[in-house]
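Chains, contacts and geometry: an overview
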Amino acid sequence: MSDRKVLVVANWKMHKTPQEGLTFARQLKTKALNLPAVNFILCPSATGLLHIHGEIRESALELGAQNLHFAEQGAFTGEISASMLNACGCKWVIIGHSERRYIFNEPAGDRQRKVPAALNSGLKVILCIGEVKAERDAGATAEVLKAQLANDLGGISRFPTDQLVIAYEPVWAIGSGVVALPAQVEEAHAVVRETIFQLFPSISSKHVSVIYGGSVNIANAAQLIATPGVDGFLIGGASLNIGDFVTIAQNAQTALKAEH
Ligand code: PGA
């Protein structure tokens, strides 16, 4: 596994104008040259996609969207289709972020349609799952993760390991400054992999990528990436500042090298 790469995803949520995103992408492009073990994905608002694509198209940085609609086109005011994202240079799309689930009350059935819509269009998917605090306190974390995976992957018959990444994001850790303990992360990631192998018994033995999100910062990145079963990070708050974001990536790369 000496060629292991760490996935470092910036989820800017509803932050940064296209110009601000462009400035960040330009700076990251240079800094990323020193971080060959890091696979960077930038997920700006839809308004910034095309600008940032123009800036990073010749670089190793990749572009992702924060959401999509499952229909190809139609009368869906305010929505964006997979083909539109592809046309803006996206390689990735985030599906099922907890803010979509709990703030916008996204119906569970939508994710069953979004995942195949994205995959069939050639996009790679970062599917977010995670328990809320009450569920963890009730000892129901594993059960919740299994149910979310069973539902959200219910629209596909094959799990494409090269196109689908699961992000474990405990909701209580998102934007809270309270990061999950390494043991909790390790356990949750193991549940995710176990569940996927149960849901897709014919899956090839290839590695299923599972990344962690929830208050990742410069102080905890090294320990988290060294946690067994962690392939990278989905980063909200700390991805807004280029200095912090690059430091997290550096720390992750250094910790990764120390493993070998
Ligand atoms: P956070 O957000 O890093 O600000 O906790 C993570 C996320 O929501 O993906």
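So, here is what we can say about the structure in this document. Bear in mind that the values here come from a model prediction, so they are computed numbers and not experimental data.

What follows concerns the packing of aromatic side chains. Within the structure shown, the criterion is met by five aromatic pairs. Relative to Y212, the ring of Y168 has its centre 6.3 Å away and its plane inclined at 55°; by these criteria the two rings are tilted. With a gap of 44 residues between them, Y168 in strand β6 (residues 164-168) and Y212 in strand β7 (residues 210-213) connect regions that are remote in the sequence. The same class applies to Y168 and to Y212, which are both buried. Chaining the aromatic ring pairs together yields one cluster made of W12, F24, F40 and F245. R100 extends its terminal NZ or CZ atom over the ring of F104, reaching a point 4.3 Å from the ring centre.

We now examine helix α1 (residues 18-31). With 14 residues, α1 ought to run about 20 Å at 1.5 Å a step, and its terminal C-alpha atoms sit 20 Å apart, in line with that. For α1, the complete set of buried residues consists of G21, L22, F24, A25 and L28. Along the axis of α1, the buried residues cluster in a sector spanning 165°; they form a single face. Each element contacted by the buried residues of α1 is listed here: β2 (38-43), α2 (49-56) and α10 (242-258).

With that out of the way, let us pick up the site of the ligand. Neighbouring residues of the ligand: 13 residues in total, closest K13, H97, E169, G175 and S215. Note that an oxygen atom of the ligand is positioned 2.8 Å from one of the backbone N or O atoms of G237. Summarising the interface, the protein chains cover 95% of the accessible area of the ligand, which totals 280 Å² for the free molecule. Across the shell around the ligand, the residue classes break down as four nonpolar, seven polar and two charged.

Thresholds, definitions, all that
- The numbering scheme is per chain: residues are counted from 1 as the chain's sequence reads.
- Note on the predicted model: pLDDT of at least 70 is required for a residue's local features to be given, and 80 or more for side-chain atom pairs to be given and counted; whole-chain, interface and lining totals, by contrast, use all residues.
- The basis for the side-chain values is all heavy atoms of the structure; hydrogens and waters are excluded.
- Any two of the Phe, Tyr and Trp rings considered here, Trp counted by its six-membered ring, make a pair once their centres fall within 6.5 Å; the pair's planes then place it as stacked at under 30 degrees, edge-to-face at over 60, or tilted in between.
- Numbering of helices and strands starts at the N terminus; helices are DSSP runs of H or I of at least 4 residues and strands are runs of E of at least 2.
- Relative accessibility decides the category of a residue: with a 1.4 Å probe and only protein chains considered, values under 20% of the type maximum give buried, values over 50% give exposed, and everything between is partly exposed.
- Criterion for a charge above a ring: Arg CZ or Lys NZ at most 6 Å from the ring centre, at most 35 degrees from the ring normal.
- Multiplying one less than the number of residues by 1.5 Å gives the expected span of a helix.
- Note that the arc is computed from the directions linking the helix axis to the C-beta atoms.
- Two residues form a contact once any of their heavy atoms are found within 4.5 Å.
- Any residue with a heavy atom positioned within 4 Å of a molecule or strand is treated as near that molecule or strand.
- Whenever a nitrogen or oxygen atom comes within 3.5 Å of another N or O atom, the pair is scored as a polar contact, on the condition that within protein one atom can donate a hydrogen and the other can accept it, and that pairs from neighbouring residues in sequence are kept only if both atoms are in side chains.
- Each accessible area is a Shrake-Rupley estimate made with a 1.4 Å probe; only the visible protein chains count as cover when residues are assessed.
- Gly falls in the polar group here, along with every residue not listed as nonpolar (Ala, Val, Leu, Ile, Met, Phe, Trp, Tyr, Cys, Pro) or charged (Asp, Glu, Lys, Arg).

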